[in-house]
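Next come the chains, spelled out residue by residue.
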Amino acid sequence: MPVCLSKSAKRTESKTKVKLTRCGKITLGILMTVIAALLVGLVVYFAAYGKIPFYYHVSFKVNSINYDEKFAKPYSKEYMDLNKKIVSLINKTFHESRLRRQYVTSHVVQVSRANGKVVIHVVLKFKSCCKNNAAKFWDRIETILRQKLTGQIGSLLIDASSFKFSDIAMPIAENLLHTCCGQRTITPSGNKIAGGQDAEEGEWPWQASLQQNNVHRCGATLISNHWLVTAAHCFIKANDPKEWNVTFGLLLSDPKTQRAVKNIIIHENYHYPAHDNDIAVVHLASPVLYTSNIRRACLPETNHTFPPSSDVVVTGWGTLRTDGKIPNILQKASVKIIDNKTCNSGKVYGGVVTPGMLCAGFLRGHVDACQGDSGGPLVSADDKGTWFLVGIVSWGDECALPNKPGVYTRVTYYRDWIMSKTGL
Ligand code: 4AZ
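Residues numbered from 1 in each chain as written. Predicted model: local features only at pLDDT ≥ 70, side-chain atom pairs only at ≥ 80, totals over all residues. Heavy atoms only, no water.

Before going further, it helps to examine the sheet that holds strand E12 (residues 280-284). The strands that make up a sheet pair up through hydrogen bonds in the backbone, lying either parallel or antiparallel. The strand order E7-E8-E9-E12-E11-E10 describes a closed barrel built from 6 strands, whose pairing is antiparallel. Each strand axis lies, on average, 45° off the axis of its neighbour in the sheet, ignoring direction. Judged from the 5 bridges that link them, strand E11 (residues 257-266) and E12 form a sheet pairing that is antiparallel. Along E12, the bridge assignment pairs isoleucine 266 with alanine 280. (Pairing = 2+ DSSP bridges. Helix = DSSP H or I, 4+ residues; strand = E, 2+ residues; numbered from the N terminus. Axes fitted to C-alpha atoms, helices over the stretch in contact; angles between N-to-C directions.)

Structure, rendered in structure tokens:
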């Protein structure tokens with residue numbers, strides 16, 4: 001190969017031979033490396049291909065169930081009961097089929113109306129099988145579903161002619177499978193904020209970092225694909241949406257997803273430096289799709305009460321102590337709700353805590369939200385493990401001091417305001 005020949009005309013033939021051999025070795029080395037890389041690539045491709053899940057959408061009309069407006073709300077008892085019934089029917093169907101090892105999960109993603117009856121839309125997830133025969137896999141699943149989901153099954157009378165089956169792209173399917181609020185995919189293994197601990201990936205999937213020109217300024221909570229809730233005071237110095245972006249993921253240094261901001265709506269009665277009405281909603285420039293690590297928190301109803309002493313968790317990338325350093329990894333801290341009467345006592349905040357605020361922490365101090373946690377979530381799990389947004393980190397006298405717990409914007413108090421701005 002000409003490129004391997006010695007450039008020097010003065011060199012002897014033997015020298016040239018040695019050169020050629022060296023070059024040959026190099027060429028061979030390069031060739032071997034390329035082949036090895038190709039082989040590794042192929043192995044990785046097939047391993048990965050073998051693991052890529054398949055998603056399908058199935059819909060059918062149920063003639064035995066009249067449509068009710070309650071089915072439009074995915075948290076209504078009617079919707080939940082129907083979801084439970086359909087999912088257990090589909091689970092049973094596939095667990096008893098030859099696809100039992102490929103079937104992963106299914107979920108009712110919508111209940112619509114046709115001729116006064118309900119149409120149920122389900123997303124199903126399968127582990128891949130039959131590597132290069134997706135069409136056969138498609139056929140098998142459709143056949144099993146068609147056979148099972150027709151006619152009278154218990155109290156369900158399914159209209160066979162309404163049956164529709166199609167495949168669906170992974171990000172869209174994952175978004176639909178993760179639309180339920182307040183759920184998380186992982187069960188954290190253990191228990192800094194001031195006095196907190198490192199969080200785990202997917203543990204607080206609604207937590208976002210609100211950044212001004214890519215610098216973390218505040219926390220925020222995802223409440224839909226398009227909207228976040230945060231604190232009004234985050235925007236005292238800058239409220240131009242163009243300056244702001246939102247990131248998701250455990251680490252500030254390695255965000256999993258980022259979005260630009262289209263609009264910032266600050267409570268009209270927030271007047272700095274007063275702490276009242278410290279709430280704002282942020283509209284994303286483009287929707288964020290839910291994944292196992294990005295999900296929304298539930299918003300409590302106006303009349304919901306979170307009793308004093310109940311356990312709540314505050315999360316954020318705020319400083320680990322007053323004027324301390326900001327962590328790269330999201331922090332979590334378990335605190336307890338303190339009633340407004342106690343929080344307004346002389347030795348605590350002496351009357352400045354208004355009904356739109358709530359206190360959480362410990363009167364002995366040590367565990368608290370801190371600078372940079374502002375705007376972020378204070379959440380509480382109900383007895384089914386569904387997480388609700390109780391408060392928004394707002395203010396406090398320094399961090400983790402005795403008798404100076406964190407003060408939060410009370411979400412139930414602003415539930416109607418959130419609805420009026422976001423429709424949620
Ligand atoms: C802040 O400056 C801040 N200890 C947030 C929360 C608390 C104090 C300060 C509560 O963002």
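Glancing now at the site of the ligand. Taken together, Asp368, Ala369, Cys370, Gln371, Gly372, Ser374, Val393, Trp395, Gly396, Glu398 and Cys399 make up the full set of residues near the ligand. At a separation of 2.9 Å, a nitrogen atom of the ligand approaches a polar backbone atom of alanine 369. Serine 374 is positioned with one of its side-chain polar atoms (N or O) 2.6 Å from an oxygen atom of the ligand. Contact with the protein chains covers 84% of the free accessible surface of the ligand, which is 300 Å². For the shell around the ligand, the per-class residue count stands at 5 nonpolar, 4 polar and 2 charged. (Near = heavy atom within 4 Å. Polar contact = N/O pair within 3.5 Å; in protein donor to acceptor, adjacent residues only side chain to side chain. Areas by Shrake-Rupley, 256 points an atom, 1.4 Å probe, with all protein chains shown as cover. Nonpolar A, V, L, I, M, F, W, Y, C, P; charged D, E, K, R; others polar.)

Viewed as axis vectors pointing N to C, helix H2 (residues 77-95) and helix H3 (residues 134-148) meet at an angle of 125°, and their least axial separation amounts to 11 Å. As the angle between them shows, H2 and H3 are arranged oblique. Remark: the crossing between H2 and H3 carries right-handed chirality. Taken together, the residues of H3 that come into contact with H2 (itself represented by Leu89, Thr93 and Phe94) are Ile141, Ile144, Leu145 and Lys148. Here the residues of the contact of H2 with H3 are counted per class, giving 5 nonpolar, 1 polar and 1 charged. (Parallel < 35°, antiparallel > 145°, perpendicular 65-115°, else oblique. Left-handed = near helix turned anticlockwise from the far one by under 90°. Contact = heavy atoms within 4.5 Å.)

Okay, the state of the cysteines next. Throughout the structure, instances matching the rule amount to 4 disulfides. Linked covalently through their sulfurs, cysteine 218 and cysteine 234 form a disulfide whose S-S length is 2.0 Å. Where cysteine 218 bonds to cysteine 234 through sulfur, the torsion about that S-S bond is close to -100°, and the disulfide is left-handed. Taken together, the residues span a long stretch of sequence, with cysteine 218 in strand E8 (residues 215-222) and cysteine 234 in the loop between strand E9 (227-230) and strand E10 (244-248) at a distance of 16 residues. Since its relative accessible area comes to 9%, cysteine 234 is described here as buried. Covalent S-S linkage joins cysteine 343 and cysteine 359, the inter-sulfur distance amounting to 1.9 Å. Taking the sign of the torsion about the S-S bond as the criterion, the disulfide between cysteine 343 and cysteine 359, at about -95°, is left-handed. Here cysteine 359 lies in strand E15 (residues 357-361) and cysteine 343 lies in helix H5 (residues 340-343), a separation of 16 residues in the sequence. Accessibility classification places cysteine 343 together with cysteine 359 in one group, the buried group. We note that cysteine 180 lacks a disulfide partner, and the nearest cysteine sulfur, in cysteine 181, lies 7.2 Å from it. (Disulfide = S-S within 2.5 Å. Buried < 20%, exposed > 50% of the residue type's maximum accessible area, 1.4 Å probe, protein only.)

Here the focus is the packing of aromatic side chains. This structure, assessed with the given rule, holds 16 aromatic pairs. Judged by centre distance (5.8 Å) and plane angle (85°), the ring pair of phenylalanine 126 and phenylalanine 137 falls under edge-to-face. With phenylalanine 126 in strand E3 (residues 117-126) and phenylalanine 137 in helix H3, this residue pair connects regions lying 11 residues apart in the sequence. Residue phenylalanine 126 is classed as buried on the basis of its relative accessible area of 0%. (Phe/Tyr/Trp six-rings, centres within 6.5 Å; stacked < 30°, edge-to-face > 60°.)

Judged by pairing direction, the sheet is antiparallel, and its 5 strands sit side by side in the order E2-E3-E1-E5-E4 without closing on themselves. The sheet is open, and its two edges are formed by strand E2 (103-114) and strand E4 (151-153), each paired on a single side. Ignoring strand direction, the axes of neighbouring strands in this sheet form an average angle of 35°. Judged from the 10 bridges that link them, strand E1 (residues 54-66) and E3 form a sheet pairing that is antiparallel. Across the sheet, residue tyrosine 55 finds its bridge partner in E3, namely lysine 125. In this fold H3 packs onto E1, E3, E4 and strand E5 (156-167), with an angle of close to 170° to the strand it touches most, E5. Against the sheet, helix H4 (residues 170-177) engages E1, E2 and E3, with an angle of about 120° to E3.

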